[in-house]
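Examination of the molecular architecture
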Amino acid sequence: MTLLGHLSLWLAFLVGLWGAITGFVGGAQRRADLQQSARHATFALCVALLVAVFSLEYAIFTHDFSVAYVAGRTSRNLPTFYLWSALYSGQEGSLLFWAAVLSIFGVIVQTLTSRRHRAYLPYVAAVTSLVATFFVTVMLFTANPFQRLPFTPLDGNGMNPQLQNPGMVFHPPMLYLGYISITIPFAFAIAALLTKKLDTDWLVAVRKWTIVSWLFLSVGLLIGMWWAYVELGWGGYWAWDPVENAALLPWLVLTAFLHSVMVQEKRGMLKKWNLALILGAFVLSIFGTFITRSGVIASVHSFTQSRVGYYFLVFLVLVTVGSAVLYATRLPLLEADAKLESMVSREASFLFNNLLFIGLAFSVLWGTLFPILSEAIRGTKITVGPPFFNQVNIPLGLALLLLTGIGPLIAWRRASTSNLQRQFAVPATTGVFVLLILLVAGMRDVGALLTFSIGGFVLATVSQEFARGARARHRQYNEPLPLALVNLLSRNRRRYGGYIVHVAMVLLFGAFAGMAFKTETQATLRPGETATLKGPDGHVYAFTHLGISQYNALNRQVTAALVDVTRDGKPLGRMRTEKRQHVDALGRPTFEPSTEVGIMSGLRVDLYIVLAGLVNGTEQAVFRFTINPLVWWVWFGGFVLVLGGLIVLWPGGAPLAIKGPRQAGYGVKLEPETVGRYDGMTVEQPDRRIDNV
Amino acid sequence: MGRPPEGWYNTSMKAGTKFALGAILIVGAVGYLMASGIKQTGQYFLTPSELAQRVSADPSFYDLGMKIGARVVPGTVEKETATQTLRFHITDGTVSYPVVFKGLPPDTFTDSVEVVVEGRLQKDGIIHATDVLAKCGSRYESVPKA
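Structural notes, computed from the coordinates. These numbers come from a predicted model, not from an experiment. (Residues numbered from 1 in each chain as written. Chains lettered and ligands numbered in written order. Predicted model: local features only at pLDDT ≥ 70, side-chain atom pairs only at ≥ 80, totals over all residues.)

Residue and element names in this part refer to chain A. By the secondary structure assignment, Ala460 is in helix H16 (residues 446-477). In this structure the C-alpha to C-alpha distance between Ala460 and Lys579, which are 119 residues apart in sequence, comes to 47 Å. Non-local contacts of Ala460, meaning those with residues more than four positions away in its chain, are made with Val426, Pro427 and Thr430. (Helix = DSSP H or I, 4+ residues; strand = E, 2+ residues; numbered from the N terminus. Contact = placed C-beta atoms within 7 Å.)

This part is about the pairing of strand S3 (residues 530-534) of chain A. Residue and element names in this part refer to chain A. Where S3 lies against strand S4 (residues 540-553), five bridges are found, and the strand directions are antiparallel. Paired with Thr532 across the strands is Ala542, a residue of S4. Taking the residues between adjacent antiparallel strands as the criterion, S3 and S4 are bridged by five residues, where Gly538 takes a positive phi near 90 degrees. (Pairing = 2+ DSSP bridges.)

Pairing between sheet strands relies on hydrogen bonds along the backbone, with the strands arranged either parallel or antiparallel. All names here are of chain A. The four strands are arranged S2-S10-S9-S8 in an open sheet whose pairing can be described as antiparallel. Looking at strand neighbours, the two that pair on one side only are strand S2 (519-525) and strand S8 (598-601), the edges of this open sheet. Here the strands of the sheet are splayed against their neighbours by 15 degrees on average, with no regard to which way each runs. Bridging between strand S9 (residues 605-614) and strand S10 (residues 621-629) involves nine bridges; their strand directions are antiparallel. Looking across to S10, one finds that Gly613 is bridged to Val622. (Axes fitted to C-alpha atoms, helices over the stretch in contact; angles between N-to-C directions.)

Grouped together as the largest cluster of nonpolar side chains are 192 residues, with contacts concentrated most on A:Ala99, A:Val124, A:Phe188, A:Ala189 and A:Val253. Looking at this core element by element, the count peaks at 21 residues for helix H9 (residues 201-230) of chain A. What A:Val253 contacts, discounting residues up to four positions off in sequence, is A:Leu277, A:Gly280, A:Ala281, A:Leu284 and A:Ala361. Counting 22 residues, the second-largest nonpolar core is a separate cluster that includes B:Leu46, B:Ala70, B:Phe109 and B:Leu121. (Core = buried A, V, L, I, M, F, W, Y, C linked by C-beta atoms within 7 Å. Buried ≥ 20, exposed ≤ 12 C-beta atoms within 10 Å, placed from the backbone.)

Residue and element names in this part refer to chain B. Along strand S5 (residues 96-102), the buried face is formed by Tyr97, Val99 and Phe101; none of Ser96, Pro98, Val100 and Lys102, which line the opposite face, is buried. Where strand S4 (residues 85-91) lies against S5, seven bridges are found, and the strand directions are antiparallel. Note on S5: the bridge partner recorded for Ile90 is Tyr97. As consecutive antiparallel partners, S4 and S5 are separated by four residues, and within that stretch Gly93 has a phi angle of approximately 105 degrees, a positive value. In this structure, S5 lies alongside strand S7 (residues 127-134), joined through three bridges in parallel fashion. Opposite Val99, over in S7, you have Ile127 as the bridge partner.

Moving on, we get to the packing of helix H10 (residues 242-267) of chain A against helix H13 (residues 346-378) of chain A. Residues and elements named next belong to chain A. Across the interface, H10 lies against H13 with an axial gap of 9 Å and an inter-helix angle of 165 degrees. Judged by the inter-axis angle, H10 sits roughly antiparallel to H13. Considering the relative orientation of H10 and H13, their crossing is left-handed. A class-by-class count of the residues in the contact of H10 with H13 yields 15 nonpolar, seven polar and two charged. (Parallel < 35°, antiparallel > 145°, perpendicular 65-115°, else oblique. Left-handed = near helix turned anticlockwise from the far one by under 90°. Nonpolar A, V, L, I, M, F, W, Y, C, P; charged D, E, K, R; others polar.)

Taking 1.5 Å of rise per residue, the 22 residues of helix H5 (residues 91-112) of chain A would be expected to cover 32 Å, and the 31 Å separating its terminal C-alpha atoms lies within 8% of that figure. Summarising burial for H5(A): 17 of the 22 residues are buried, a large majority. (Expected span 1.5 Å × (residues − 1).)

Turning our attention to unusual backbone geometry. Located in the positive-phi region is A:Leu270, a residue other than glycine, with phi close to 65 degrees. Inspection of the secondary structure assignment puts A:Leu270 in the loop between H10 and helix H11 (271-294). Of note, the phi angle at B:Asp63 is positive, near 60 degrees, even though the residue is not glycine. Here B:Asp63 is to be found in the loop between helix H2 (48-57) and strand S2 (66-72).

As structure tokens, this is what we get:
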């Protein structure tokens, strides 16, 4: 099977090269036969890579330890659940996973792209094939997943216990899917640049893909946060680790794009900017991969240092320079159709939103690279950590959150004073009201006060938008209000789904702000002894150590501590926290002992307990007890975010032509029938008739 | 054309100019936040040899928050579970320093890993660590993320 896998990699290499050449040449010379060949090459590439994936999984599931990759990352007693994830748990396999998924996306885009955008497809095929070929090249020449060992070990090394977590099954694939799918908008952007078809058409073709990428990245980041939270030693749900930052960067850029694209659709502005954002998002995704795999920056996530980094560096430079040059030559074709008319307009608020997003991305990038930059320039390595990122990003994040509430309230082009008064009265009052309540309640933390009052403002904005829209439908079509609300959402998925994402951001920000109030204590307890800790919610929590139990499980020896918890004397239940020593099939220890934290999650606080160790092998145990406020809202906010994203993405919907004024709340009255249908998603057409009003 | 300009914000200045001012304000704020952030929170990242050199040249490097990247000297790790105190030595092959750390070390910490110690070198010659990060040993790869 490994021979089959190896051969299919070579096949993929040749087919991918062919697809790239025929795509570019066929596109440039308008040769239908070559274009068709490029299209077919993407299919063949996908088949070849899937065969390779199948071969590797076959080796993993049959415990073929003659394959170095299988021996290095799995063992006979590894739970089946985690065997599948061994595919992407190491360098070589994850490269294969990446290439294979990209080739699947390549096939999807070739088959599902609507007729209107066919002209781009040969170039899209060329770009996806070329990127996939790069990954195949890295595998063939330096990181071959099918590399054999000179001998066959009896058992493999097993998987790092910290990876043996459900997070491992979902987090990397989601993040990879997000990273990989950015290639598709990038391919369309390159195709648009090459074909010089630079009107809004290519944006329409990729809009869904950008939302797909954004959603996968969001889910990947959220699962990663959850995983880091339940795994001790990864520093809570967000630690500003370089690799976390690397995943956040394309997310920030894509989020900026999802906003600025509306300005181009509506007003024909920001064409250069939008193209640059897509090119930048792809470059950042490759940059993130480079950081993870080269070991240039110390991180808990990095793979072992290897030559793979050089390949990625070269690729990164080629992609950056290539797309920058191409972009520069096409700049004259990207002139805006309209000019900014007023500072107080929707487009201006989008511009500021974008500046803030890019500012955020830049500061994160700068902070991540600072050790390297400072060493290169000044000869001393200077690192910045979470304090830097918090200090810079919290103000920027709050400004963005404020814009989340302001933007939807301001009319396109130019807002009138009466429009502003009507729009801002309720939300602004709500924000001030929340601030006063919290001040009276005794909250003094500035960051938290700002977060919660701005959050109240944003929630009021969103509620007002929903209420006005529903009431407008109610009046116009005589729909009962609940039905009007549902129809409002399902007929304008992009807009109202977006608002739901805004709600999610408020929840997330609120949850992040809650972390300012966490409390913590350490205690060494004999069985029967109790430690108490006052929570930020004003309650007193008591933790009683009940005892230690030791037993063997599937591939590990477990030392578990049982703790009884009360709140103000009332029983809450029991929690357990474990030390695990993983063992191989013969019972010999592998890896270092790992810790399983105990978590009791509630709406207000999470109780988070850690067994630090036993004193001299007795039942006297050392614990760390932490009370983390509002963490539940991170996961709930994440759920709402995904929900909003899915609503935006959901196909179909939107019957044509909403009659009459579109929606209360706009300062300008749009002409009727401005709703069209592209690719199953409603959009407001770039409205040039606006001047008639 | 649309309605006539009204309100305080539609003064004689062009929207583009005003936007540019706003943009400069944002870019300036980002720049300022970054510069001050680095100034206030940036830490030296040194190897033990570099630290020894700097300390001998400039005593202000004592009691200065920094990060030190080195290897744990095998056999030097002492754990006192009851007080949660961890003592060990780190070295880069030429210079070695004793480290004392109160708290929970990460699961990956052993006596043969590369560590990043965050803390201060005191006059007593001991690095008082506030945090210890362990890089994984060579036996397996660490956590992959895209």
